[in-house]
Amino acid sequence: MLHALYLLGIAAFAASGVLAAHRANMDPFGGLVLAFAAAISGGTLRDLILDRHPLYWTRDWLLLVVIASVAVATMLYLRRRELPQRALVVVDAVGLAVVTVIGARAAIDAHVTPVAVLILAVLTGVTGEVVRDVLCGEFPPLLLREEVYATAALAGAACYLGLHWAGTADTLNIAVSAGLVFTLRMAAVFRDLHLPRLQRAAG
């Protein structure tokens, strides 16, 4: 189940990469590059920090096939239909929710400290979005623009860690924690919620 869930998160990030490339008027190769960058950057950074070798995606051919297939399917869809409004943020929220929780699980399995679990979970969830935005020329990335994004990932990671300590079933932990991340992100998008700025607005 965990592997299937991870494939879902990776697929969502791959689709978000293509949607971002489409919005930035890139060619199909650019869409493919962003799909892979968005999908594997977070897990790659996590594995490098944990000194896990070989990197997870170098030994999972199914994962790479899923990324490529979703990228091509998304590009074909966009050639026939208009980009749905807010499609990028919804798909991205799915990827953020799933991959953050998977990152928390991987960090716990590595027996790191609770604070490190939270950090690694958030890094796993948000790194793909940061890389994607940078490659699209968006500065600063979404993560740093008052958005409830990393904070949603942090809340989900803390929820997963708390439920893990409580000894509840891992399936429930994943469902509740991923649901929390997705709900917080969607509430922020559709209710236009933002974090306060470091500086007060002029005037």
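Before reading on, note that the structure itself is shown above.
First things first, this report covers the structure right here in the doc. Just so you know, these numbers come straight off a predicted model, no measurement behind them.

### Quick word on the overall build of the chain
From N to C terminus, the chain includes seven helices and zero strands. For the chain, the N- to C-terminal ordering of α and β elements is α-α-α-α-α-α-α. Computed over the C-alpha atoms, the radius of gyration of the chain is 17 Å, within 12% of the 17 Å expected from 2.2 N^0.38 for a compact globule of 203 residues. Dimensions of the chain, computed from C-alpha atoms along their principal axes, come out at roughly 55 × 50 × 30 Å. A fraction of 74% describes how many contacts in the chain between residues 6 or more apart in sequence connect residues 24 or more apart. The positive charge centre, built from 15 side chains, and the negative charge centre, built from 14, are 5 Å apart in the chain.

### A look at the environment of Ser 177
Looking at the element boundaries, Ser 177 is found in helix 7 (residues 170–190). Counting along the chain gives 149 residues from Ser 177 to Pro 28, while the straight-line C-alpha distance between them is 34 Å. Not counting residues within four places of it along the chain, the set of residues in contact with Ser 177 comprises Val 101, Gly 156, Cys 159, Tyr 160 and Leu 163.

### Examining a nonpolar patch on the surface
On the surface, Phe 29, Val 33 and Leu 135 cluster together into a nonpolar patch covering about 290 Å² of accessible area. In this fold, Phe 29 is placed in helix 2 (residues 28–49).

### Some words on the pattern of salt bridges
Throughout the structure, instances matching the rule amount to six salt bridges. Of the charged contacts, one joins Asp 47 and Arg 52 as a salt bridge, the two residues approaching to 3.7 Å between their closest N and O atoms. Judged by its relative accessible area of 30%, Arg 52 falls in the partly exposed class. In this structure, Asp 133 engages Arg 132 in a salt bridge whose closest nitrogen and oxygen atoms are separated by 3.3 Å.

### Structural notes on unusual backbone geometry
Backbone torsion omega between His 53 and Pro 54 reads -5°, so that peptide bond is classified as cis. The residue Pro 54 is located in the loop between helix 2 and helix 3 (61–80) in this model. Even without being a glycine, Asn 25 presents a positive backbone phi close to 60°. Position of Asn 25 among the secondary structure elements: in the loop between helix 1 (2–23) and helix 2. Positive phi is not limited to glycine here, since His 111 has a value of about 60°. Among the structural elements, His 111 can be located in the loop between helix 4 (87–109) and helix 5 (114–135).

### Some remarks on helix 1
Note on helix geometry: an α-helix contains 3.6 residues per turn, so any two residues three or four positions apart are oriented the same way. For helix 1, with 22 residues, the first-to-last C-alpha span of 32 Å sits near the 32 Å given by 1.5 Å per residue. The element helix 1 is extensively covered by neighbouring structure, given that 16 of its 22 residues are classed as buried. Note on helix 1: the residue one or two positions beyond its end, Asn 25, has a positive phi of about 60°.

### What to know about the packing of helix 4 against helix 5
Two numbers describe how helix 4 lies on helix 5: the axes approach to 7 Å, and their chain directions differ by 145°. Considering how the two elements wind past one another, helix 4 and helix 5 form a crossing that is right-handed. Of the residues in helix 5, those touching helix 4 at Leu 88, Asp 92, Leu 96, Val 99, Thr 100, Gly 103, Ala 104, Ala 107 and Ile 108 are Val 117, Leu 120, Ala 121, Thr 124, Gly 125, Val 126, Glu 129 and Arg 132.

### What to know about the nonpolar core
Residues Tyr 6, Ile 10, Phe 13, Ala 39, Leu 63, Ile 67 and Leu 96 are the most contacted members of the largest nonpolar core, which totals 52 residues. Elements represented by at least two residues in this core include exactly helix 1, helix 2, helix 3, helix 4, helix 5, helix 6 (150–166) and helix 7. Excluding residues within four positions of it along the chain, Leu 96 makes contact with Phe 13, Gly 125, Val 126, Tyr 149, Ala 153 and Val 181.

### Points about the packing of helix 4 against helix 7
Viewed as axis vectors pointing N to C, helix 4 and helix 7 meet at an angle of 145°, and their least axial separation amounts to 9 Å. Handedness of the crossing formed by helix 4 with helix 7: right-handed. Residues Val 89, Val 90, Ala 93, Val 94, Leu 96, Ala 97, Val 101 and Arg 105 of helix 4 lie in contact with helix 7, whose contacting residues are Asp 170, Ile 174, Ser 177, Ala 178, Val 181, Phe 182, Arg 185, Met 186, Val 189 and Phe 190. For the contact of helix 4 with helix 7, the class distribution of residues is 14 nonpolar, one polar and three charged.

Reading the values: rules and limits
Residues numbered from 1 in each chain as written. Predicted model: local features only at pLDDT ≥ 70, side-chain atom pairs only at ≥ 80, totals over all residues. Heavy atoms only, no water. Helix = DSSP H or I, 4+ residues; strand = E, 2+ residues; numbered from the N terminus. Rg over C-alpha atoms; globule rule 2.2 N^0.38 Å. Contact = heavy atoms within 4.5 Å. Lys, Arg positive; Asp, Glu negative; His and termini not counted. Charge placed at Lys NZ, Arg CZ, Asp CG, Glu CD. Patch = residues over 30% accessible without salt bridge, like charges linked within 9 Å, V, L, I, M, F, W, Y side chains within 5 Å. Areas by Shrake-Rupley, 256 points an atom, 1.4 Å probe, with all protein chains shown as cover. Salt bridge = Lys/Arg side-chain N within 4 Å of Asp/Glu carboxyl O. Buried < 20%, exposed > 50% of the residue type's maximum accessible area, 1.4 Å probe, protein only. Expected span 1.5 Å × (residues − 1). Axes fitted to C-alpha atoms, helices over the stretch in contact; angles between N-to-C directions. Left-handed = near helix turned anticlockwise from the far one by under 90°. Core = buried A, V, L, I, M, F, W, Y, C linked by side-chain atoms within 4.5 Å. Nonpolar A, V, L, I, M, F, W, Y, C, P; charged D, E, K, R; others polar.

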